[in-house]
Amino acid sequence: MDGVGDRLLTVENVKEIVCCPGGLEVEGQKFKGEIGRTVTWRKEMLKLGMRGFISYRDGLARGFVEYMPAETAPFPIEAPGVAVLMCYHWISANEGDEEEHLAQEKRLIELVIEEAKGKFTGLATLGWDHPIHFPIAMLEELGFQQVERTDYIALMWLPLKEGAPRPRMAPAQFEPRELSSQGILAIESAWSSRCPYSIHHATRIEEAIAGIPKEERGRISHFPHLIDTHKDALRWSRSPWDWDWLFLNGEEVAIHELKGEELQGLIAEKIGELRQE
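No experiment lies behind these values; they were computed from the predicted model shown. (Residues numbered from 1 in each chain as written. Predicted model: local features only at pLDDT ≥ 70, side-chain atom pairs only at ≥ 80, totals over all residues. Heavy atoms only, no water.)

**Considering the overall build of the protein**
Point 1. The helix and strand tally for the protein stands at 7 helices and 13 strands.
Point 2. A compact globule built from 277 residues should have a C-alpha radius of gyration of about 19 Å, and the protein, at 20 Å, falls within 12% of that.
Point 3. By principal-axis analysis of the C-alpha atoms, the protein measures approximately 60 × 45 × 35 Å.
Point 4. In the protein, which comprises 277 residues, the share counted as buried stands at 53%.
Point 5. Sequence-distant contacts, at least 24 apart, represent 66% of the contacts inside the protein between residues at least 6 apart.
Point 6. Working note: accessible area of the protein is about 13300 Å², and carbon and sulfur atoms make up 49% of it.
Point 7. Within the protein, the 46 negative side-chain charges are centred at a point lying 5 Å from the centre of the 31 positive side-chain charges. (Helix = DSSP H or I, 4+ residues; strand = E, 2+ residues; numbered from the N terminus. Rg over C-alpha atoms; globule rule 2.2 N^0.38 Å. Buried < 20%, exposed > 50% of the residue type's maximum accessible area, 1.4 Å probe, protein only. Contact = heavy atoms within 4.5 Å. Areas by Shrake-Rupley, 256 points an atom, 1.4 Å probe, with all protein chains shown as cover. Lys, Arg positive; Asp, Glu negative; His and termini not counted. Charge placed at Lys NZ, Arg CZ, Asp CG, Glu CD.)

**Digging into the nonpolar core**
Point 1. I77, I109 and F144 are the most contacted members of the largest nonpolar core, which has 67 residues in total.
Point 2. Those residues in contact with I77 that lie beyond four places of it in its chain are A70, V84, A124, L126, L155, P167, R168, M169 and H230.
Point 3. Counting residues in hydrophobic clusters, the runner-up holds 16 residues, among them I205, A208, I209 and I271. (Core = buried A, V, L, I, M, F, W, Y, C linked by side-chain atoms within 4.5 Å.)

**Quick notes on helix α1 (residues 37–47)**
Point 1. Of the residues making up α1, those classed as buried are T38, V39, W41, R42, M45 and L46. Down the axis of α1, the buried set is contained in an arc of 160 degrees. They therefore lie on one face.
Point 2. Looking at the buried side of α1, the elements it contacts are β3 (60–69), β5 (83–90) and α4 (196–210).
Point 3. Downstream of α1 by one or two residues, G49 has phi in the positive range, about 105 degrees. (Arc of directions from axis to C-beta.)

**Examining empty space enclosed by the protein**
Point 1. What the rule picks out here adds up to 1 cavity of 30 Å³ or more.
Point 2. In this structure, the largest cavity spans a volume of roughly 40 Å³.
Point 3. S189, A190, W191, H201, A202, I205, D244, W245, L246 and I255 together form the lining of the largest cavity.
Point 4. Among the residues making up the lining of the largest cavity, the classes are represented as 7 nonpolar, 2 polar and 1 charged. (1 Å grid on protein atoms, 1.4 Å probe; cavity = no way out; pocket = protein on both sides within 12 Å on 5 of 7 lines; lining within 4 Å. Points joined across faces, edges and corners; volume = space filled by probe spheres on them. Nonpolar A, V, L, I, M, F, W, Y, C, P; charged D, E, K, R; others polar.)

**Section: the sheet that holds strand β13 (residues 251–252)**
Point 1. Read across the open sheet, the 4 strands follow the order β11-β10-β12-β13; overall the sheet is mixed. Both outer strands of the open sheet, β11 (220–226) and β13, are each paired with one neighbouring strand and no more.
Point 2. The sheet contacts of α4 involve β10 (185–191), β11 and β12 (245–248), and relative to β10 the element is tilted by about 160 degrees. (Pairing = 2+ DSSP bridges. Axes fitted to C-alpha atoms, helices over the stretch in contact; angles between N-to-C directions.)

**Re the environment of I109**
Point 1. Along the chain, I109 turns up in helix α2 (residues 98–116).
Point 2. Along the chain, I109 and G218 lie 109 residues apart, while their C-alpha atoms are 48 Å from each other.
Point 3. In this view, I109 contacts L85, Y88, M138, L139, L142 and F144; residues no more than four positions away in its chain are not counted.

**Quick look at the layout of surface pockets**
Point 1. Estimated volume of the second largest pocket: approximately 170 Å³.
Point 2. What lines the second largest pocket is a set of 17 residues, and nearest its centre among them are T150, M169, R238, S239 and W241.
Point 3. When residues of the lining of the second largest pocket are traced back to their parent elements, those giving at least two are β7 (145–150) and β8 (153–159).
Point 4. The class makeup of the residues in the lining of the second largest pocket is 11 nonpolar, 3 polar and 3 charged.

Written out as structure tokens, the structure reads:
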């Protein structure tokens, strides 16, 4: 296949998405956990109205984009009649070619905008104050406007019908547990089957806990939250919102920045602090 070819997402080809097993995003990397869940999750989302495209270059899947009705999308976005633009990604043949990467992601979103016209009153999505990861600037170039902003994440809105009511983020519901007064380390985490990195981090947390000596593990209460559905997203909504996070007795930890041994060491350190109280 010469050039770029775009195909609608189907239950048959969804496994070809770049972040599913065998895809370019995970190729050559050692992920912990069962990343095949990324395929199962998408098949379930297709049943709930998810649509999208896979983009190929020379027969190889290099990009994808997903969207679905706000009423079933696994985001805490309240927007009846609106579609939520979910994940999109493009992997360039030349690693580090961010110009092509962003241009192709922009093109994929344009496909969604065109397809959503006449079916939805508008498109909502989350943009990041980041140069290449769901960048707010790129979404603004496509006509999206900021509706709400919390720290580095903004709720973005593209009306497709005149007079369409704007979306809003659902009120934050999540408050992390803090059990130090009971001599307990509350480990509260969230993850989602939508992303191999999230599955990987969830498995790392489990392994870090398992690596704590048995006599110390009695001081740990782990509360993992799976955010795979719209209901899950509303129940565990927080601000700024994400589906991949970790708290140790109410203190947020940057799970993405810690190696496995560092995470286990941090948990051991927190338990040691409890013994001294």
